[in-house]
Structures are given as structure tokens and as C-alpha cells.
Amino acid sequence: MSGAAMDWTWLWIPATLAAAAAQAGRNAVQRSLTETLGTLGATQVRFLFGFPFALLFLAVVYSIDGGPLPGINSEFLAFVIGGAVAQIAATALMLAAMRERSFVVVTAWTKTEPIQVAIFGFAVLGDPLSLTGVLAIVLATLGVVLMSSKGASATGKGSLRPALFGLVSGAFFALSAIGFRGAILVLDGGGFFLQSTWTLVWSLGIQSLILIVWMLLFNRALLIACMAAWRASIWGGLLGACASQGWFLGFALTAAANVRTLGLVEVLFAQILSRRIFAHTSSRRELLGIALIVIGVGILVAVAGR
């Protein structure tokens with residue numbers, strides 16, 4: 001699985017598509033849980049109930065890889081802890097926005113993440129950003145503005161809050177992607193599959209620990225409620241772990257901007273789920289905004305793949 005005899009780089013494409021589909025399903029499960037567990041409780045579900053599945057994934061991958069587990073160092077810990085904390089904040093902000101705005105529109109707002117990943121990747125990791133890439137970013141951003149402007153004009157200033165939550169959530173998701181890819185890149189030993197799964201276990205373990213400690217100190221009743229809702233939560237954990245496995249595998253094989261840009265197809269999956277589960281019909285303006293985002297990040301993917 002090390003990829004020594006064969007070029008496995010292409011695997012990031014199906015891994016990313018699978019991750020996007022699983023993440024759309026996980027977001028739907030989490031949104032339904034916010035009514036009973038609140039934003040923090042629903043946020044914890046993806047980590048607490050996803051961690052056991054990550055351990056299972058690691059056991060399977062390790063048995064197939066056969067190599068020693070990758071070691072850890074201060075640089076790895078800095079990247080993975082930074083990514084873990086950023087992802088907690090991003091998920092909480094996303095769910096808070098979903099309580100005030102439609103599932104599909106908030107998903108689209110958070111999908112400004114690929115644009116921000118490209119910027120952060122350039123600033124932190126030195127990933128190149130071409131003029132065409134910048135134009136693609138502007139186009140996708142216009143799509144987000146187009147979607148947001150309808151809500152602002154229809155419901156007043158209060159509608160700006162979910163838009164802001166969604167955009168900031170996308171920024172934190174972008175930072176988490178940079179952190180997780182950085183963590184994978186500094187590992188020694190093992191193939192790309194083992195390295196990505198090892199990083200996944202550490203990130204979910206750290207995230208679960210942070211939120212469990214917080215709830216034990218400040219809201220024990222919420223922790224008990226999360227455990228009591230295990231029948232619904234376990235699906236969120238499974239889908240979340242599968243999605244993260246796909247993202248991390250992509251991060252191990254190509255730039256985070258490529259992965260998160262292709263991952264924008266989650267908006268399309270969210271559109272399907274929104275119609276079937278939440279009975280929401282998007283307006284023409286919202287659909288046009290989504291189309292602009294898809295076109296913009298599609299161009300970004302094409303540029304990155306050259």
C-alpha cells in the first residue's frame with residue numbers, strides 16, 4: 001500500500017467523492033440532533049461516536065499494510081492539534097448556522113472553504129496560486145454573495161448572522177484541512193493509507209477528549225444526553241469517520257486545495273438530501289449561486305491539476 005510499485009495518486013479523486021457523499025449524510029444526521037442535543041451536543045457526535053470507527057479503520061489498514069505505525073513528533077502534534085481544534089469550531093459554527101437557515105444554503109456557505117484552503121495553502125504551505133486560480137476564487141465568491149444577498153434583503157439584518165457563521169465555519173474548516181495535511185506530510189514510516197488513518201485516529205481522539213472534558217466540567221447533563229442518543233448518533237459517527245477517512249486519504253495524495261475543491265460536490269448531495277429529508281426547495285437565485293460556486297472551484301481544480 002506504500003505505492004512504490006504503482007502510482008496511487010489518482011485515488012484522491014474517488015476518495016474525495018466518497019468523502020463528500022458521506023459528509024452530506026453526516027451533516028443531515030447532525031442537524032436533526034441539534035433539536036435535542038443542541039449545537040455542542042450535535043458537534044460532539046461526529047467525534048465521540050466516530051473515534052471507535054477510526055480505531056477499527058486503523059486496525060484493518062495496519063493489518064494490510066504490515067509496516068510499523070508512524071512515529072509522532074512535536075511538529076506532527078502541533079499540526080494535528082491545530083487541525084482538531086479548528087474543526088471543532090468549524091462544525092459548531094456550521095450547525096449554529098443551520099438552525100437559522102436552510103441545510104443546502106448553509107452547506108454552500110461553508111463550501112467557500114476550498115477557496116480559503118487555496119489561500120491558506122499558499123500562505124502556510126507555499127502552494128502556488130495562479131492568476132486563473134485567483135479568477136476562479138472570485139467567481140466562486142460571487143456565487144456565495146449572490147446566495148447570501150437574497151436572505152439579507154428578505155429578512156433583514158438578522159439574516160446576516162447565519163451567513164457570517166457559515167463563512168467563518170468555512171475558514172476554520174480550511175485551517176483544519178491545512179493542519180491535517182501538514183500532520184500527514186511530516187510522518188515517517190508506513191504507506192499513505194496508514195499515515196492518513198493514523199492521523200485520523202489522533203485527530204478524532206483529541207477532539208473527543210477536548211469535548212468530553214469540557215462537558216464534564218461545564219455540562220455533564222449534555223454528555224449524558226449524547227450517550228443516551230446513541231442510536232441516532234452512531235450513524236453520524238460512522239458517516240463522519242468514513243468522510244474523514246476519505247478526506248485524509250486525499251490529503252495524503254494531493255494538495256488540500258485540490259481535495260476540498262473537488263469536495264464541493266457535497267453541495268449537490270446536500271441539495272438532494274434537503275429536498276428529500278427537509279422538504280426545502282431552493283430558489284433560482286440560490287441555485288444560480290451554487291452553480292457559480294461549482295464552476296469557480298471546478299476551474300480551480302483544473303488549474304491545480306495541470
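Not measured: the values here are computed from a predicted model.

Participant: Explain empty space enclosed by the protein here, please?
Facilitator: If you roll a probe as big as a water molecule over the atoms, it shows you where there is empty space left. One pass over the structure, following the stated rule, counts one cavity of 30 Å³ or more. Taken as a whole, the largest cavity holds about 50 Å³ of empty space. Forming the walls of the largest cavity are Gln87, Ser176, Ala177, Phe180, Ser244, Trp247, Phe248, Phe251 and Arg260. Top element by residues in the lining of the largest cavity is helix α10 (residues 230-253). It accounts for four residues. Looking at the lining of the largest cavity residue by residue, the classes come out as five nonpolar, three polar and one charged.

Participant: It is not clear to me how the packing of aromatic side chains should be interpreted in this structure. Could you clarify?
Facilitator: The relation between two aromatic rings is expressed through the spacing of the ring centres and the mutual angle of the planes. According to the stated counting rule, one finds six aromatic pairs in the structure shown. Consider the rings of Phe180 and Phe248, whose centres lie 4.7 Å apart with planes at 40 degrees: the pair is tilted. In this pair, Phe180 is assigned in helix α7 (residues 160-185) and Phe248 in helix α10, connecting sequence segments 68 residues apart. Accessibility assignment for this pair places Phe180 and Phe248 in one class, buried. Ring geometry for Phe192 and Phe193: centres 6.0 Å apart, planes at 25 degrees, overall stacked. Note on Phe193: relative accessible area 22%, which makes it partly exposed. Ring pairing ties together the aromatic residues Phe76, Trp198 and Trp202, which thus form one cluster.

Participant: What exactly am I supposed to notice about the side chain of Thr199 here?
Facilitator: Residue position: Thr199 is located in helix α8 (residues 192-218). Look past the residues within four positions of Thr199 in its chain and what remains in contact with it is Phe76, Val80, Phe180, Ala183, Ile184, Leu187 and Phe248.

Participant: Just to check I follow, could you spell out helix α2 (residues 51-65) for this structure?
Facilitator: Helical geometry note: an α-helix holds 3.6 residues per turn, so side chains three or four residues apart project in the same direction. Relative to the 21 Å expected for 15 residues at 1.5 Å per residue, α2 spans 21 Å between its end C-alpha atoms, a close match to the ideal helical length. The set of residues buried in α2 consists of Phe53, Ala54, Phe57, Leu58, Val61 and Asp65. One face of α2 carries all of its buried residues, which in axial projection span an arc of 145 degrees. The inward-facing, buried residues of α2 contact α8 and α10.

Participant: Whenever I open this one, the confidence of the model for the protein chain confuses me. Can you help?
Facilitator: Chain-level statistics for the protein chain give a pLDDT mean of 80 and a share of 82% at 70 or above. Considering each helix and strand of the protein chain separately, the mean pLDDT is smallest for helix α4 (residues 103-110), with a value of 64, and largest for α2, with 94. Counting interchain partners and residues more than four positions distant, the pLDDT-below-50 stretch residues 151-158 has six contacts.

Participant: What exactly am I supposed to notice about the environment of Ala92 here?
Facilitator: The topology assignment puts Ala92 in helix α3 (residues 74-98). Measuring from C-alpha to C-alpha, the distance between Ala92 and Ala42 comes to 8.2 Å, with 50 residues separating the pair along the chain. Not counting chain neighbours up to four residues away, the residues in contact with Ala92 comprise Thr39 and Thr43.

About the thresholds
Residues numbered from 1 in each chain as written. Predicted model: local features only at pLDDT ≥ 70, side-chain atom pairs only at ≥ 80, totals over all residues. Heavy atoms only, no water. 1 Å grid on protein atoms, 1.4 Å probe; cavity = no way out; pocket = protein on both sides within 12 Å on 5 of 7 lines; lining within 4 Å. Points joined across faces, edges and corners; volume = space filled by probe spheres on them. Helix = DSSP H or I, 4+ residues; strand = E, 2+ residues; numbered from the N terminus. Nonpolar A, V, L, I, M, F, W, Y, C, P; charged D, E, K, R; others polar. Phe/Tyr/Trp six-rings, centres within 6.5 Å; stacked < 30°, edge-to-face > 60°. Buried < 20%, exposed > 50% of the residue type's maximum accessible area, 1.4 Å probe, protein only. Contact = heavy atoms within 4.5 Å. Expected span 1.5 Å × (residues − 1). Arc of directions from axis to C-beta. pLDDT = per-residue confidence, 0-100.

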